[in-house]
Amino acid sequence: METLSVAWTFFKIGIIAFGGGWSTVGIIKNAVVPLWIDEENFRSLIAIAQSTPGPIALNSATMIGWNHGGMLTAIVATLSVVAFPVLMIALTTLLASKVSINKTSINEALRTGSIAMMLMTLWVLRPTSMDPLLLLYAVATFAIGAFTKINTLWAILGAGAFNALLGPALRSIIGL
Amino acid sequence: MVFASITTVTLGGGYVIVPVMGHAIVKRGWMTEDHYYDTFAKAQAYPGPMALSTALLVSIELCGFRGAIAALAGVILPPFLVIVLVSKLLMTYGTLPAIQRFLNGAGAVVPGIVAAMVWKNTKRRAWNAQRIVELAILTALLILFPAASLPILLGGIVIMYLLEGVWKR
């Protein structure tokens, strides 16, 4: 059953989805490409998931579910991704003072872990096409994201709109 | 109270969720700002999206499990509806050349964003030899064995947690 395997996949993603959305993207990609979506569409999906409200893991679960079985699968996938986190919070609230974890150590470990996940994400999502215009968008976005305080959402929407409206004209001018 | 927490969390359904949510909560006098950011720091130790765990911890503290259910609905529902709407629109208009170009351009920036995130987090991190070695090993394992990322990460975190304790400076 496709719904079940979507659910199981996103349940597992929920277990390791810490450190903010971008560290999780590589894990999501490894789980869904090329099984449910191809490489290029996955990039568009991530761009959409990032520029719509809500956490990226949640949004991509909803979209993958929606495209593979419709409404029911979308609901199941979304709930699967939050199942484990919710369970953990419920458990630790119930057990409150009975477990003691060293907060500093666990946070430090998670920080290193999430940077490793981001590096892996960067590796699996490295630009595949040598199209100069598309590479330019990526480089410009890196500069904006790393050195300015501008929300990268604007880079996503900007590159999209620019490519839709001026892409063909620019390509013919510089002869691509 | 429960209903109000739904609206708060709904408001927060955005890219800058955590500060927006904090602002809404502090403004309503539910928590002080310091206390909210303490809760946020705790939330980071949980798996799952930070917005979700923060919203859950805040609402459990404010109004128990009923609050948690409201917060869960508040975090999940709005993005769910937006995504379903967007997916429906894409099904209808996704093949138009202009939309295709938009998606192409938007998708192309993704590596740039990830690289910027790596850059920022690397700069902010307090590095020492041990953490650099851990990072290198963990990244290499994740790239080499993509199918085993779950056990690699869980194992890696436990090991790094224990090592942080051993080499306390």
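Residues numbered from 1 in each chain as written. Chains lettered and ligands numbered in written order. Predicted model: local features only at pLDDT ≥ 70, side-chain atom pairs only at ≥ 80, totals over all residues. Heavy atoms only, no water.

Another point: the domain arrangement of chain A. All names here are of chain A. One can read the domain layout of chain A as domain 1 (2–126) and domain 2 (128–176). The interface is formed by six residues belonging to domain 1 together with four residues belonging to domain 2. Approximately 390 Å² of surface area, both sides summed, lies buried where domain 1 meets domain 2, with 66% of it carried by carbon and sulfur atoms. For the interface between domain 1 and domain 2, the tally reads zero salt bridges. Our count for the contact surface shared by domain 1 and domain 2 stands at zero residue pairs in polar contact (both at pLDDT 80 or more). Considering only residue class, the side of domain 1 that touches domain 2 consists of one nonpolar, two polar and three charged. (Domains from an automatic or database assignment. Contact = heavy atoms within 4.5 Å. Buried area = accessible area lost by both parts, 1.4 Å probe. Salt bridge = Lys/Arg side-chain N within 4 Å of Asp/Glu carboxyl O. Polar contact = N/O pair within 3.5 Å; in protein donor to acceptor, adjacent residues only side chain to side chain. Nonpolar A, V, L, I, M, F, W, Y, C, P; charged D, E, K, R; others polar.)

Turning to a positive patch on the surface, a few remarks are in order. There is a patch of like positive charges on the surface, built from K149 of chain A together with K120, K123 and R124 of chain B. Turning to its location among the elements, R124 of chain B is positioned in helix α6 (residues 110–124). (Patch = residues over 30% accessible without salt bridge, like charges linked within 9 Å, V, L, I, M, F, W, Y side chains within 5 Å. Areas by Shrake-Rupley, 256 points an atom, 1.4 Å probe, with all protein chains shown as cover. Lys, Arg positive; Asp, Glu negative; His and termini not counted. Charge placed at Lys NZ, Arg CZ, Asp CG, Glu CD. Helix = DSSP H or I, 4+ residues; strand = E, 2+ residues; numbered from the N terminus.)

Let us look at the packing of aromatic side chains. If you walk through the whole model with that rule in mind, you get eight aromatic pairs over all chains. The interplanar angle of 85 degrees and the centroid separation of 6.1 Å between the aromatic rings of Y137 of chain A and F162 of chain A together place this pair among those described as edge-to-face. With Y137 of chain A in helix α7 (residues 132–147) and F162 of chain A in helix α8 (residues 152–165), this pair connects stretches of sequence that are 25 residues apart. We classify Y137 of chain A as buried; its relative accessible area is 6%. On the basis of relative accessibility, which here comes to 32%, the residue F162 of chain A falls in the partly exposed class. With centroids separated by 5.9 Å and ring planes inclined at 85 degrees, the aromatic side chains of F142 of chain A and F147 of chain A adopt a geometry described as edge-to-face. Joined through ring pairs, the aromatic side chains of W8, F11 and F84 of chain A make up one cluster. Lying over the aromatic face of W127 of chain B, R125 of chain B brings its terminal NZ or CZ to 5.9 Å of the ring centre. (Phe/Tyr/Trp six-rings, centres within 6.5 Å; stacked < 30°, edge-to-face > 60°. Buried < 20%, exposed > 50% of the residue type's maximum accessible area, 1.4 Å probe, protein only. Lys NZ or Arg CZ within 6 Å of the ring centre and 35° of its normal.)

This next bit is on the interface of chain B and chain A. Contact residues are listed per partner, giving 77 residues for chain B and 87 residues for chain A. Approximately 7,300 Å² of surface area, both sides summed, lies buried where chain B meets chain A, with 80% of it carried by carbon and sulfur atoms. For the interface between chain B and chain A, the tally reads two salt bridges. The interface formed by chain B and chain A includes eight residue pairs in polar contact (both at pLDDT 80 or more). At the level of elements, α3 (33–43), α4 (50–93), α5 (97–108), α6, α7 (129–144) and α8 (149–166) of chain B are the ones that each hand at least two residues to the side of chain B that touches chain A.

Within the fold, W119 of chain B resides in helix α6. With sequence-adjacent residues up to four places away left out, W119 of chain B is seen in contact with F142, A146 and F147 of chain A.

This part is about the environment of F142 of chain A. Its location among the elements puts F142 of chain A in helix α7. Separated by 36 residues in the primary sequence, F142 of chain A and I106 of chain A place their C-alpha atoms 30 Å from one another. In contact with F142 of chain A, other than residues within four places in its own chain, are F147 of chain A together with G112, A115, A116 and W119 of chain B.

Looking at soluble globular proteins, one finds that nonpolar side chains tend to be buried together. Residues F10, W22, V32, F42 and I46 of chain A together with L142 of chain B are the most contacted members of the largest nonpolar core, which totals 82 residues. Sorting elements by how many residues they give to this core places α4 of chain B first, with 13 residues. Among residues more than four places away in sequence, those in contact with L142 of chain B are A116, M117 and M120 of chain A together with S149, I152 and L153 of chain B. (Core = buried A, V, L, I, M, F, W, Y, C linked by side-chain atoms within 4.5 Å.)

Now for α4 of chain B. Residues three or four positions apart in an α-helix share a direction because the helix packs 3.6 residues into each turn. For α4 of chain B, built from 44 residues, the straight-helix expectation of 64 Å at 1.5 Å per residue is missed by more than 12%, its first-to-last C-alpha distance being only 33 Å. The principal kink in α4 of chain B, of about 140 degrees, is found at C63 of chain B. (Expected span 1.5 Å × (residues − 1). Bend = angle between axes of the 7 residues up to and from the residue.)

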